[in-house]
Amino acid sequence: FTQTSAICIAMLRFGRHKSPRDLVLQLQSALRSLLQHSSSDSREFKRAHEEVAKSIASLKLLLTNRLEASGAGSSNRESHEAAIEKSRLSEALSEVTRVAFSQECSGFLPMLLDCIDRVDFECAKFIEHLFGNLLSKQIGNRYPAVEYILENRQVLYKLVDGYHRPEHAITFGGMLREACRHERVAEAFLWDSSGFYRLFDHVHGTAFDVSSDAFTTLKDLLTRHKAVVARFLEQNYVEFFDNYKRLIESENYVTKRQALKLLGEILLDRYNYSVMTKYIASADNLKPIMNALKSRQKQIAFEAFHCFKVFVANPHKPRAVQSILVQNRDRLVEFLQRFQSDRQSDSQFVDEKQYLIRQIQELSPIEA
């Protein structure tokens, strides 16, 4: 039973309500005060901390469905009262959004992010919830939060650098993914190399939960907005795959396996056809895939197989790629015949393996 919960219950009981504008300005003032005091033992910090908790409780109360808070059942959702309450919530969030991204609150969103590790758990969860609500709120034809982020890229940097905060790394990862669900934000983040490639460093991190969440964010970015990603990969091919190569050569089992699996998905996506043809034309790209193919870790070898097959199935193999396959033809055929023979129940895998064996056997020698 936290301090924030107690404040919310007291306010529900005594009906203390302020306008959305007043609540946002009140919270902004409290956040600014909290950020000005670095020592958590100082009287000023404790006072500011209490004010933030009170302000968040007030805003939380405004944006809480009062019918649900009072224990109304789901049967009331279609009632007249439920419709009125839904309209109130929408109007309240609209007003909060307008104020939060007005000139007088220009630093509101960055301050929310900066204060996450200075508030208690319940307040931090509400900040995450509020961030998502602000992002999803459309007013007319506009998404004010999206427009703000596009004009203030430091918000994206704060989100990706949030992976440095052990206690809140997953929270920041979730908010970054939420922001990048909007195509324009995802596109801006992808093209901003000073922000996007920081994500790769977090995927390489030693903490499993953080690196795994960072990879989830990377995968979401590279698979959600397919046309945007295709353009990005075409125009940033060298820099992207130089960074991505580090993932598929990682010593970390999970990172390597996930990276190989995602690479296979990227290469086989029809949106990425031109990127795929360029990637499989490189012998330098084939070599690490073949090394992964012979890994003793079965799942890594299996994911590498799905990348390797794209090289072999290419009807227009460049000389360098074909030369590697021809030079290793006998060993590759023997290897593939024995490769993961316990997957006989997977008919698609068996058919693909037999196809690759035939393709390799039929390769013509390289003419001098």
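Just so you know, these numbers come straight off a predicted model, no measurement behind them.

> How do you make sense of the overall build of the protein chain when you look at a structure like this?
Scanning the protein chain from terminus to terminus reveals 23 helices and zero strands. Since a compact globule built from 368 residues should have a radius of gyration of about 21 Å, the 27 Å found for the protein chain marks it as more spread out than a globular shape. Structurally, the protein chain occupies a C-alpha span of about 85 × 50 × 40 Å along its principal axes. Split into buried and exposed, the 368 residues of the protein chain put 50% on the buried side. Long-range pairs, those at least 24 residues apart, make up 72% of the contacts in the protein chain with a sequence separation of at least 6.

> Sorry, what's going on with unusual backbone geometry here?
In terms of backbone geometry, most residues other than glycine have negative phi values and most peptide bonds are trans. Phi is positive for Gln340, which is not a glycine, with a value near 40°. Mapped onto the elements of the fold, Gln340 is located in the loop between α22 (329–338) and α23 (347–361).

> Hey, could you run me through the packing of aromatic side chains in this one?
One pair of aromatic rings is described through two measures. These are the centre distance and the angle between the planes. Going through the model one piece at a time under the given rule, you end up with 19 aromatic pairs. Plain terms: the ring middles of Trp191 and Phe232 are 5.4 Å apart, the flat faces sit at 75° to each other, and that makes the pair edge-to-face. Here the residue Trp191 occupies a position in helix α11 (residues 183–191), and Phe232 occupies one in helix α15 (residues 226–235), the gap between them amounting to 41 residues. The exposure class assigned to Trp191 is partly exposed, which follows from its relative accessible area of 32%. When its relative accessible area of 1% is taken as the criterion, Phe232 is described as buried. A centroid spacing of 6.1 Å and a plane angle of 80° characterise the contact between Phe200 and Phe240, whose relative ring orientation is edge-to-face. Taken together, the residues Phe200 in helix α13 (residues 198–203) and Phe240 in helix α16 (residues 237–248) connect sequence positions 40 residues apart. The class of Phe200 is buried, set by a relative accessible area of 0%. Through a chain of ring-to-ring contacts, three or more aromatic side chains come together here, namely Phe189, Trp191, Phe196, Tyr197, Phe200, Phe232, Tyr237, Phe240, Phe241, Tyr244, Tyr279 and Phe311.

> Would you take a moment to explain the pattern of salt bridges for this structure?
One side chain can pair with another of opposite charge once the charged atoms of both are near each other. Scanning the model with the defined rule gives 20 salt bridges in all. Its salt-bridge partner being Arg165, residue Asp117 comes within 3.6 Å of it at the nearest N-O pair. With Asp117 in the loop between α6 (108–114) and α7 (121–136) and Arg165 in the loop between α9 (154–161) and α10 (169–180), the pair connects residues that are 48 residues apart, well separated along the chain. Residue Asp117 is classed as partly exposed on the basis of its relative accessible area, which comes to 41%. The class of Arg165 is partly exposed, set by a relative accessible area of 22%. A salt bridge links Asp220 to Arg224, with the nearest nitrogen and oxygen atoms 3.1 Å apart.

> Even after reading the chapter, I still don't get the packing of helix α2 (residues 20–35) against helix α3 (residues 43–62), so can you show me in this structure?
When two helices pack together, you describe them by how their axes are tilted relative to each other and by the distance separating the axes. Relative orientation of the contacting elements α2 and α3 amounts to 155°, with a least axis distance of 8 Å. The pairing of α2 with α3 is recorded here as roughly antiparallel in orientation. By crossing handedness, the relation of α2 to α3 is classed as left-handed. Across the interface between the two elements, Pro20, Leu23, Val24, Gln26, Leu27, Ala30, Leu31, Ser33 and Leu34 of α2 pack against Phe45, Ala48, His49, Glu51, Val52, Ser55, Ile56, Ser58, Leu59 and Leu62 of α3.

> For this particular structure, what's the right way to read the nonpolar core?
Soluble globular proteins tend to pack their nonpolar side chains together in the buried interior. The biggest cluster of nonpolar side chains holds 116 residues, and the ones touching the most others in it are Leu59, Leu159, Phe196, Phe240, Tyr244, Tyr279 and Phe308. In terms of residue count, the dominant contributor to this core is helix α20 (residues 298–313) (ten residues). When near neighbours in sequence (up to four residues on either side) are disregarded, Phe308 contacts Leu286, Ile289, Met290, Leu293, Leu325, Leu332, Leu336, Leu356 and Ile360.

> In this structure, what is going on with the confidence of the model for the protein chain? I would like to understand it.
When pLDDT drops low, the exact placement of atoms in the prediction is not to be read closely. Taken over all residues, the pLDDT of the protein chain has a mean of 90, while the share at 70 or more is 92%. Counting interchain partners and residues more than four positions distant, the pLDDT-below-50 stretch residues 7–15 has eleven contacts.

> Any chance you could explain α2 here in plain terms?
An α-helical turn contains 3.6 residues, so a residue and the one three or four places further along point in the same direction. The terminal C-alpha atoms of α2 lie 23 Å apart, and with 16 residues this matches the ideal 22 Å at 1.5 Å per residue to within 8%. Taken together, the buried positions of α2 are Pro20, Leu23, Val24, Leu27, Gln28, Ala30, Leu31 and Leu34. When α2 is viewed along its axis, its buried side chains cluster within an angular range of 165° and face the same direction. Turning to α2, the residues buried within the fold contact α3, α5 (80–100) and α6.

> In this structure, what is going on with the packing of α9 against α10? I would like to understand it.
Here α9 crosses α10 at 140°, and the two axes come no closer than 8 Å. Viewed along their axes, α9 and α10 adopt a mutual orientation that is oblique. The segment α9 lies against α10, with Leu156, Lys158, Leu159 and Val160 engaging Phe172, Met175, Leu176 and Ala179. Tallied by class, the residues present in the contact of α9 with α10 amount to seven nonpolar, no polar and one charged.

About the cut-offs
Numbers given for residues are sequential positions, taken from 1 along each chain in its written order. Totals for whole chains, interfaces and linings use every residue, but because this is a predicted model, local features are given only for residues with pLDDT of at least 70 and side-chain atom pairs only at 80 or more, for both listing and counting. As a convention, hydrogens and water are excluded, and side-chain values are obtained from all of the structure's heavy atoms. For helices the rule is a DSSP run of H or I covering at least 4 residues; for strands it is a run of E covering at least 2, with both sets numbered from the N terminus onward. It is over C-alpha atoms that the radius of gyration is taken, and the globule rule equals 2.2 Å times the number of residues to the power 0.38. Only protein chains enter the accessibility calculation, which uses a 1.4 Å probe. A residue is then buried if its area is under 20% of the maximum for its type, exposed if over 50%, and partly exposed in between. Residues are treated as being in contact if the distance between any of their heavy atoms lies within 4.5 Å. Between the rings of Phe, Tyr and Trp (Trp by its six-membered ring), a pair exists once the centres lie within 6.5 Å; its type follows the angle of the planes, with under 30 degrees stacked, over 60 edge-to-face, and the other angles tilted. A carboxyl oxygen of Asp or Glu within 4 Å of a side-chain nitrogen of Lys or Arg is what we treat as a salt bridge. Whenever a helix is involved, its axis is fitted only over the stretch in contact; in every case the axis is a line through C-alpha atoms, and angles between N-to-C directions fall within 0 to 180 degrees. Relative orientations are named as follows: roughly parallel for angles under 35 degrees, roughly antiparallel for angles over 145 degrees, roughly perpendicular for angles from 65 to 115 degrees, and oblique for any other angle. Definitions for this section: a left-handed crossing has its near helix turned counterclockwise from the far helix by less than a right angle. A right-handed crossing has that turn clockwise. We define a nonpolar core as any set of buried Ala, Val, Leu, Ile, Met, Phe, Trp, Tyr and Cys residues linked to one another through side-chain atoms lying within 4.5 Å. pLDDT runs from 0 to 100 and stands for how confident the predictor is about each residue. Residue count minus one, scaled by 1.5 Å, sets the expected span of a helix. Directions from the helix axis toward the C-beta atoms define the arc. When residues are sorted by character, Ala, Val, Leu, Ile, Met, Phe, Trp, Tyr, Cys and Pro go into the nonpolar class, Asp, Glu, Lys and Arg into the charged class, and all the rest, Gly among them, into the polar class.

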